[in-house]
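Coordinates in review
Below are the chains, spelled out letter by letter.
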Protein chains: 2
Amino acid sequence: MGRHTFLSLLLALLTPGAAIPVPPAVRALNNLHLSTGFTSHPSIVMEYSIHYIQQKLFLSALAGHLHSCIILLSHQKAALVDHFGFNTDKTFNQRYLIANKHWKKDGGSILFYTGNEGDIIWFCNNTGFMWDVAEELKAMLVFAEHRYYGKSLPFGSNSFKDSRHLNFLTSEQALADFAELIKYLKRTIPGAENQPVIALGGSYGGMLAAWFRMKFPHLVVGALAASAPIWQFDDIVPCGVFMEIVTTDYRKSGPNCSECIRRSWDAINRIAGNGTGLPWLSETLHLCTPLKNTQDVQSLKDWISETWINLAMVDYPYESNFLQPLPAWPIKVVCQYLKDPSVSDPQLLQNIFQALNVYYNYTGQARCLNMSETSTSSLGSLGWSYQACTEMVMPVCTNGINDMFEPHSWDLEEFSDYCFRQWGVRPRPSWITTLYGGKNISSHTNIIFSNGDLDPWSGGGVTKDITDTLVAIIIPEGAHHLDLRANNAFDPTTVLLARSMEVRYMKQWIRDFYASLRKKY
Amino acid sequence: MGRHTFLSLLLALLTPGAAIPVPPAVRALNNLHLSTGFTSHPSIVMEYSIHYIQQKLFLSALAGHLHSCIILLSHQKAALVDHFGFNTDKTFNQRYLIANKHWKKDGGSILFYTGNEGDIIWFCNNTGFMWDVAEELKAMLVFAEHRYYGKSLPFGSNSFKDSRHLNFLTSEQALADFAELIKYLKRTIPGAENQPVIALGGSYGGMLAAWFRMKFPHLVVGALAASAPIWQFDDIVPCGVFMEIVTTDYRKSGPNCSECIRRSWDAINRIAGNGTGLPWLSETLHLCTPLKNTQDVQSLKDWISETWINLAMVDYPYESNFLQPLPAWPIKVVCQYLKDPSVSDPQLLQNIFQALNVYYNYTGQARCLNMSETSTSSLGSLGWSYQACTEMVMPVCTNGINDMFEPHSWDLEEFSDYCFRQWGVRPRPSWITTLYGGKNISSHTNIIFSNGDLDPWSGGGVTKDITDTLVAIIIPEGAHHLDLRANNAFDPTTVLLARSMEVRYMKQWIRDFYASLRKKY
């Protein structure tokens, strides 16, 4: 099977961070190049100071920084590659970031970002919420990188070599890393020992934050799980819900917008069926690499689908740069080009190009559109492809009726075969539910599940309170973990409200922690 | 290093089930031979019906059985060897027992014994409590065997071959087995799906029951953790407490009893130092294998120490056969021979022999005392030795002042070196605390921790209520998980009270489960 020939396969490989377009074993992990333009604080110049230290933790604050993202960048001393077996004692360096500008030893707290499938610096830069609340919570900020992503590669450049090297890439191992890291920080940072730790994360990182509180409640007093689709597994939610939400975003962002997209697939098929269709399509869509055959046409449709999905995730109310540099409310901008579904096929495709161009060329720098790139290289596509092929089996499907995509059913068997060919492993689709409880999680406490109605991942999220302490916060105008982003003048009131509720819960957890500490002594 | 040269090493290998005397890699796992004499129901003739089935679950009840222990003995369909990695999909057959005589599909429950370090049939036979309460709770009984014990060997006869084969012997894998088994039973037994499951276990099995509730609260509504020393790790409790409790048992069971034992060590040393000391000791103690050198003398003292420990664990109020056939209150019987610490060394050692003979020869069948056997072969000494060398690092020490033993400090380094030589692994002494929370477990719910004051493992147990739903039950006259044994006419009132409280809590959990189920629909 060639490069993501089937939408269903593409969908199966979706990461909550972004659609992962590149097939495994093709592209090596890109190095991260930071740009000062990549910021969630549009009004603040961010200055970085990056340190690499091994084995030892320095906490000397660096003076003169404006709201610096990174005060300290460090490696966990000897993180075990395998927490769940004893045949190997091999360790690796796990990267994490610390910022302690507002941290108070007296009555302070520790906000711990449970890193997800990408470079931790990128998540740090896109989690302004933690920076915004640090002073109020007297908090030390810790951003822990997830193993097999960023610089935290257990086997260096061999980490993705085969299923033997990948065997330690699981959510359980990642949670164990976080647990050991918290114990290490508490042991080595004077004043940290008797402080409450709160887990925070977005997307897969939000799942990890929630699961971390479920499995290690002795280490974190609570968790903020933003846009965490913990129910997008097994048959807990219908597999169609994800793409239905994507479709709704377009339907609501402009008249006939979703209908234009729905019709575009057949238009592509018809044009591709003509003798001169492929060169015409390649030219009209300004593709960097011309289409050559039917398989390329499928890839084209997959790539366009991914683009619509990504736009739905990052439909933020202000100019931003999460997956790509984008204008405010980018779907509205896209939909300005997609108003009339009754135009001719060539006209419709010309309009589709204009719409795509919003996503791929907002800066105006692109000379052509590259089908092999749909989002930031800070996300680790290799690692996620493996995780999707093992634990993170999140069924997604389309029917073309409730959504604007071509119909594709969820085919576990096909997916399993693909995974076996790619990685030599087969998914265990029910394991996450067995391990983390699925819908039956009411015995846990102190988890905030926040979801934005615009975010397709909200379909697999917790959107109703489960108990008094397992609470859902809805952000009607919110896309993917908007609440974790820095305060912005264009933020809708609902996200401000969400953040203030989140802070209120976190303060309550911190108060409860200190109250029970006082009771102890 | 020869056979358990140092008491500290012996102590490190103690299993909550019984002291494990045999060094690893020497003795293969014995086959289990069931005897109708091995029963916790002295007044009831037990009849077994043993089935082996693979892949499929039969629930046909066998008629005409009197309180049968085993109605069905089955194998879990394809239990994964490694739940926490995807490099292998290898499976093994996990054994479990089912008894459904009193089970009701309407309003019933499932009592799930979380098997520990031994043959599950032996645990089944020694957990009469579950049988006694089955009717009242309309309960199906399930006894799940722990991997690497009994017949549940992931690699058959190679299971203990090396650290590679042993790599999957951890508490986490065992809990995952239990989780998968419960899901399998609920899926395949009509009527089981919407029933509450309660985890029960004693000793290490009690730890597993508690940890199972902590980590998988979506699968079990509560846990009865009997004599579970979940705090005998790291430095949570002083390492001396275990042997202090052993000593107290002897001090309270007869005047000067513990003092006689305290003096016996020097007496042995003095006699062994004489030219004819070794043959004299061998003959006086009726040893099957004569002592040959100084190392054997250390082994002798270790063996005697183990015997005193084992007696403390099984100091039951009635004739029983858990580790060995024994009279009621065996320590009292032992202490009848140990009244005068001021006698000569030879006389003291002759008395020690009489005392040992109570433990090793209550049936009068033994022609000599065998230093290589201290308890039932139903316990898996190889497996536990590995577990003690990896996760289950339970520090035990003596000082000869607060206890009646020769002083031995806890030496992690020495122990680690021993483990490396024996198994090619090194212990991670803090991992259990990191994973399961140590003393910081108050966010969990619905766990009963029961402990007997006579039981040396109670020193590492939870003996005070932590919250309203994490409760401690103390049985002043109880030895090791006496409450899990069948009702007996000679039971002290305190254990009857403990059992009735346990039933009350379990009924409450079952009521709560059905109430929340009704609320759902």
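Residues numbered from 1 in each chain as written. Chains lettered and ligands numbered in written order. Predicted model: local features only at pLDDT ≥ 70, side-chain atom pairs only at ≥ 80, totals over all residues. Heavy atoms only, no water.

1. Considering the overall build of chain A
- Looking only at helices and strands, one finds 15 helices and ten strands in chain A.
- For chain A, with 521 residues in total, the buried portion stands at 63%.
- The contacts of chain A with a sequence gap of at least 6 include a subset with a gap of at least 24, amounting to 72%.
- If you sum the accessible surface of chain A, you get close to 18,600 Å²; carbon and sulfur atoms cover 51% of it. (Helix = DSSP H or I, 4+ residues; strand = E, 2+ residues; numbered from the N terminus. Buried < 20%, exposed > 50% of the residue type's maximum accessible area, 1.4 Å probe, protein only. Contact = heavy atoms within 4.5 Å. Areas by Shrake-Rupley, 256 points an atom, 1.4 Å probe, with all protein chains shown as cover.)

2. Re the relation of the copies chain B and chain A
- If you rotate chain B by 180° and push it 0.0 Å along the axis, it lands on chain A with an RMSD of 0.0 Å. Within this description, the copies of the chain are treated as partners about a two-fold rotation axis. Taking C-alpha positions as the reference, the residue of chain B nearest the rotation axis is B:Lys215, at 2.9 Å. (Least-squares fit on C-alpha atoms with pLDDT ≥ 70 in both.)

3. Let's talk about the pattern of salt bridges
- Counted by the stated rule, this structure contains 22 salt bridges over all chains.
- By sharing partners, the salt bridges in this structure join A:Arg95, A:Asp119 and A:Glu145 into a single network. (Salt bridge = Lys/Arg side-chain N within 4 Å of Asp/Glu carboxyl O.)

4. Focus: empty space enclosed by the protein
- A full pass over the atoms with the stated rule returns ten cavities of 30 Å³ or more.
- Here the largest cavity defines a volume of roughly 200 Å³.
- Residue lining of the largest cavity: 15 residues in total, with A:Phe84, A:Lys215, A:Leu435, B:Lys215 and B:Leu435 positioned closest to the centre.
- For the lining of the largest cavity, the elements supplying multiple residues, two or more each, are α4 (171-188) and α14 (431-436) of chain A together with α4 (171-188) and α14 (431-436) of chain B.
- By residue number, the principal contributor to the lining of the largest cavity is α4(A), which donates three residues.
- Considered as a void within the structure, the second largest cavity measures approximately 110 Å³ in volume. (1 Å grid on protein atoms, 1.4 Å probe; cavity = no way out; pocket = protein on both sides within 12 Å on 5 of 7 lines; lining within 4 Å. Points joined across faces, edges and corners; volume = space filled by probe spheres on them.)

5. Some remarks on the packing of aromatic side chains
- Taken as a whole and assessed by the stated rule, the structure comprises 51 aromatic pairs over all chains.
- Plain terms: the ring middles of A:Phe84 and B:Trp431 are 6.0 Å apart, the flat faces sit at 75° to each other, and that makes the pair edge-to-face. Taken together, the residues A:Phe84 in the loop between β1 (72-80) and β2 (91-99) and B:Trp431 in helix α14 connect one chain to another. For the pair A:Phe84 and B:Trp431, one class covers both residues: buried.
- A ring pair is formed by A:Phe178 and A:Phe212, whose centres lie 6.1 Å apart and whose planes are at 80°; its orientation type is edge-to-face. With A:Phe178 in helix α4 and A:Phe212 in helix α5 (residues 204-215), the pair connects residues that are 34 residues apart, well separated along the chain.
- Each member of the aromatic cluster is reached from another via a ring pair, and the members are A:Tyr113, A:Trp122, A:Phe123, A:Trp131, A:Phe143 and A:Phe322.
- Between the NZ or CZ atom of A:Arg428 and the centre of the ring of B:Phe86, over which it lies, the distance is 4.1 Å. (Phe/Tyr/Trp six-rings, centres within 6.5 Å; stacked < 30°, edge-to-face > 60°. Lys NZ or Arg CZ within 6 Å of the ring centre and 35° of its normal.)

6. Here we look at the interface of chain B and chain A
- Contacts between the two partners involve 42 residues from chain B and, on the opposite side, 42 residues from chain A.
- For the pair chain B and chain A, the summed buried surface comes to about 3,500 Å²; carbon and sulfur atoms form 52% of the total.
- Connecting chain B to chain A are two salt bridges.
- In this structure, A:Asp89 engages B:Arg428 in a salt bridge whose closest nitrogen and oxygen atoms are separated by 3.3 Å.
- The tally of links between chain B and chain A comes to 23 residue pairs in polar contact (both at pLDDT 80 or more).
- Of all elements in the fold, only α4, α5 (204-215) and α14 of chain B reach the threshold of two or more residues within the side of chain B that touches chain A.
- Sorting elements by how many residues they give to the side of chain B that touches chain A places α4(B) first, with six residues.
- Tallied by class, the residues present in the side of chain B that touches chain A amount to 14 nonpolar, 17 polar and eleven charged. (Buried area = accessible area lost by both parts, 1.4 Å probe. Polar contact = N/O pair within 3.5 Å; in protein donor to acceptor, adjacent residues only side chain to side chain. Nonpolar A, V, L, I, M, F, W, Y, C, P; charged D, E, K, R; others polar.)

7. Digging into the domain arrangement of chain A
Residue and element names in this part refer to chain A.
- The domains assigned to chain A are domain 1 (2-33 + 240-420) and domain 2 (42-234 + 431-520).
- In this assembly, 39 residues from domain 1 lie in contact with 47 residues from domain 2.
- Carbon and sulfur atoms make up 67% of the surface buried where domain 1 meets domain 2, a total of about 3,600 Å² over both sides.
- Counting every contact that joins domain 1 to domain 2 gives zero salt bridges.
- Summed over the shared surface of domain 1 and domain 2, the number is twelve residue pairs in polar contact (both at pLDDT 80 or more).
- Of all the elements in the fold, those that place two or more residues in the side of domain 1 that touches domain 2 are α6 (241-253), α9 (294-313), β7 (320-321) and α12 (381-388).
- When the residues that make up the side of domain 1 that touches domain 2 are grouped by side-chain class, the tally is 26 nonpolar, ten polar and three charged. (Domains from an automatic or database assignment.)

8. Things to note about the state of the cysteines
All names here are of chain A.
- According to the stated counting rule, one finds eight disulfides over all chains in the structure shown.
- Between Cys389 and Cys419 runs a disulfide, and the two sulfur atoms are separated by 2.1 Å. Looking down the S-S bond of the Cys389 and Cys419 bridge, the torsion is -75°, so its handedness is left-handed. Of this pair, Cys389 sits in the loop between α12 and α13 (412-423) while Cys419 sits in helix α13, placing them 30 residues apart in sequence. (Disulfide = S-S within 2.5 Å.)

9. Considering the side chain of B:Glu172
- Mapped onto the secondary structure, B:Glu172 falls in helix α4.
- Salt bridges are absent for the buried B:Glu172, whose nearest opposite-charge side chain, B:Arg428, sits at 7.2 Å.
- Within the local environment of B:Glu172, its side chain forms a polar contact with the side chain of B:Trp431, the two groups lying 2.9 Å apart.
- When neighbours within four sequence positions are excluded, B:Glu172 is seen to be in contact with A:His83, A:Phe84, B:Phe84, B:Glu391, B:Trp431, B:Leu435 and B:Tyr436. (Lys, Arg positive; Asp, Glu negative; His and termini not counted.)

10. Some details on the nonpolar core
- Of all hydrophobic cores here, the largest spans 339 residues; its most connected members are A:Trp211, A:Tyr250, A:Trp308, B:Trp211, B:Tyr250 and B:Trp308.
- Not counting residues within four places of it along the chain, the set of residues in contact with B:Trp308 comprises B:Val246, B:Tyr250, B:Ile261, B:Trp265, B:Val334, B:Ile352, B:Ala355, B:Leu356, B:Met404 and B:Phe405. (Core = buried A, V, L, I, M, F, W, Y, C linked by side-chain atoms within 4.5 Å.)

11. Here we look at helix α8 (residues 277-284) of chain B
- Taken together, the buried positions of α8(B) are occupied by B:Gly277, B:Leu278, B:Leu281, B:Ser282 and B:Thr284.
- Where α8(B) is buried, its residues contact α7 (257-273), α9 (294-313) and α11 (345-360) of chain B.

12. Focus on the packing of helix α7 (residues 257-273) of chain A against α9(A)
Residues and elements named next belong to chain A.
- Interaxial distance between α7 and α9 falls to 11 Å at its minimum, and their mutual angle equals 160°. The orientation of α7 relative to α9 falls into the category roughly antiparallel. Of the two possible hands of crossing, α7 and α9 adopt the one that is right-handed. Here Ile261, Trp265, Ile268, Asn269 and Ala272 of α7 come into contact with α9, specifically with Val297, Leu300, Lys301, Ile304, Ser305 and Trp308.
- Across the contact of α7 with α9, the residue classes break down as eight nonpolar, two polar and one charged. (Axes fitted to C-alpha atoms, helices over the stretch in contact; angles between N-to-C directions. Parallel < 35°, antiparallel > 145°, perpendicular 65-115°, else oblique. Left-handed = near helix turned anticlockwise from the far one by under 90°.)

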